[in-house]
Amino acid sequence: MSARTTKLRVYDDTKALFHMPDGVIYLDGNSLGALPLGVAERVSRVITAEWGDQLIRAWNSAGWYAQPRHVGDRIARLIGAETGSVMVGDTLSLKVYQALAAALDMNASRKVVLSDTGNFPTDLYMAEGLIATLGRGHQLRLVTPEEIEASLSEEIAVLYITEVDYRTGRRHDMAKLTARAHRLGIVTVWDLAHSAGALPVDLAGTGADFAAGCTYKYINAGPGAPAFLYVAPRHADSVRAALSGWMGHAKPFAFELSYAAAGGVERMRVGTPPVLAMAALEAALDIWDRVDIAEVRARSLALGDLLISEVERGCPQLTLVTPRAHDRRGSQVSFAFEGGYAAMQALIARGVIGDFRAPDIMRFGITPLYIGEAEVLKAAEVVEDVITGEVWRRPEYQVVNAVT
Ligand SMILES: *Cc1c(COP(=O)(O)O)cnc(C)c1O
């Protein structure tokens, strides 16, 4: 077997493939994944050997032009998507906009976009902006996550939700909701920001219409890494791209004066791809190519259970907001605590890095590629010290930073 295909055991073989500063237990890979060691070398090689030496020729000679589709195919494997159905580029905010625009076009006689209050704000803001731009009287309807299923009806044009709630870690049943939506003629747009690289996703099997996600969270491709967009192959040749940039044109280098969409998911490209960021993504995917996402998931659930039981035992002041049931949660554990912001600052000062989401949620991301039992046990100990010792009440932990 080649080095590229030899399987890696999750954590035992993969931990050494990441850079981790001494004294840090990193439980924020659900927000920004840790740095894979291969990234610096890969990006540096693309800079010197491709950009430096090949200059403009590299679009062909180094394969830059085809890269968004090739990288999309590697992500497809992680999310159960068909080859040729995933395009990489832009940011997730733009990709959900594109998906929602295409989905609304497919269901033009209906006017309601259904989402939930657990969705990430940018998804909701982008929907508001799109609705205003379209000016066709669409409405964004928000219900609680628990009310989503009962709110599906023949009035709804598009079901537009995130599988795993960024705040609580609660997970929707994608297969069930997609099937129910389809029976009612509803088009589905799934946000996989907290799913891709966190748990197995089966887009082809569930029959989802559109899905999008980012690569800087669980996939570990680095700050500002490009997003991805999935379009079900049955729709890919007929959907409207909405962001009709030149790279999604059927013949970009014919420089025609009017737009004609490329075939398939290629039309979801917009402009020039971020080649350097994509090189970092490719290096991150070198690890994902060699691990079994089912093994990642099994470890994540076991580590999540361990963190829950240790923190609940040591800190009754914290209230678990993540569902305990394995099939109802993603790959993070969240607790509500009134002093949550300050407590998280105190944890970070002690090397345990999680994060905080308003109004009172302390989040701990579980990333089994580089987090194991020892790290979870140590983190739980530090949480207990900070909470029971009331360390978080110190004035230095009350200062609120721009990014929480
Ligand atoms: C992280 C996240 C985003 C971020 O969007 P960007 O455009 O990459 O900043 C969007 N949606 C969800 C659900 C997220 O979790």
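Turning our eyes to something else, we now look at the environment of Thr404. The topology assignment puts Thr404 in the segment after helix H13 (373-388). Between the C-alpha atoms of Thr404 and Ala132, which are 272 residues apart in sequence, the distance is 30 Å. If we skip the residues at most four places from it in the chain, Thr404 touches Tyr341, Asp355, Phe356 and Arg357.

Here we have four strands laid out as an open sheet, ordered E11-E12-E15-E14, and antiparallel in their pairing. Strand pairing shows two members of the sheet lacking a second neighbour, strand E11 (319-320) and strand E14 (355-357), which therefore form its edges. Strands E14 and strand E15 (361-365) of the sheet are contacted by helix H12 (residues 340-349), whose axis makes an angle of about 40° with E15.

Below, the discussion takes up the sheet that holds strand E6 (residues 139-143). Taken together, the seven strands give an open sheet; going across it, the order is E4-E10-E9-E8-E7-E5-E6, and neighbouring strands pair in mixed fashion. Each edge of the open sheet is held by one strand with a lone partner, namely strand E4 (86-88) and E6. Within the sheet, the average angular offset between the axes of one strand and its neighbour, ignoring direction, is 20°. Taken strand by strand, helix H5 (residues 121-134) contacts strand E5 (112-116), E6, strand E7 (156-162) and strand E8 (187-191), and its axis lies near 155° from that of E6.

Structurally, the chain comprises domain 1 (15-30 + 292-397) and domain 2 (44-288). Computed from C-alpha coordinates alone, the two centres of domain 1 and domain 2 are separated by 29 Å. Contacts between domain 1 and domain 2 engage 27 residues on the former and 19 residues on the latter. Here domain 1 meets domain 2 over a buried area of about 1,900 Å², counting both sides, of which 61% is carbon and sulfur. One can count nine residue pairs in polar contact (both at pLDDT 80 or more) joining domain 1 with domain 2.

Okay, the site of the ligand next. Close to the ligand lie Thr91, Leu92, Ser93, Phe120, Thr122, Asp123, Thr162, Asp191, Ala193, His194, Tyr216 and Lys217, which account for all nearby residues. Take Asp123: an N or O atom from its side chain is 2.7 Å from a nitrogen atom of the ligand. One of the side-chain N or O atoms of Tyr216 is found 2.6 Å from an oxygen atom in the ligand. Considered on its own, the ligand offers 390 Å² of accessible surface; in the complex 86% of this is hidden by protein. According to the grid-proximity analysis, the pocket containing the ligand is the second largest pocket. Elements with a contribution of two residues or more to the shell around the ligand: helix H4 (92-106) and H5. Along the lines of polarity and charge, the residues of the shell around the ligand split into four nonpolar, five polar and three charged.

Here we take up the layout of surface pockets. In this approach the atoms are scanned with a rolling probe the size of a water molecule, which exposes any empty space left behind. Here the largest pocket defines a volume of roughly 370 Å³. Of all elements in the fold, only helix H6 (148-151) and helix H7 (174-183) reach the threshold of two or more residues within the lining of the largest pocket. Counting residues per element, the lining of the largest pocket draws most heavily on H7, which supplies four residues. Partitioning the lining of the largest pocket into residue classes produces seven nonpolar, two polar and ten charged. As a volume, the second largest pocket reaches approximately 310 Å³.

About the thresholds
Residues numbered from 1 in each chain as written. Predicted model: local features only at pLDDT ≥ 70, side-chain atom pairs only at ≥ 80, totals over all residues. Heavy atoms only, no water. Helix = DSSP H or I, 4+ residues; strand = E, 2+ residues; numbered from the N terminus. Contact = heavy atoms within 4.5 Å. Pairing = 2+ DSSP bridges. Axes fitted to C-alpha atoms, helices over the stretch in contact; angles between N-to-C directions. Domains from an automatic or database assignment. Buried area = accessible area lost by both parts, 1.4 Å probe. Polar contact = N/O pair within 3.5 Å; in protein donor to acceptor, adjacent residues only side chain to side chain. Near = heavy atom within 4 Å. Areas by Shrake-Rupley, 256 points an atom, 1.4 Å probe, with all protein chains shown as cover. 1 Å grid on protein atoms, 1.4 Å probe; cavity = no way out; pocket = protein on both sides within 12 Å on 5 of 7 lines; lining within 4 Å. Sits in = over half its atoms within 2 Å of the grid points. Nonpolar A, V, L, I, M, F, W, Y, C, P; charged D, E, K, R; others polar. Points joined across faces, edges and corners; volume = space filled by probe spheres on them.

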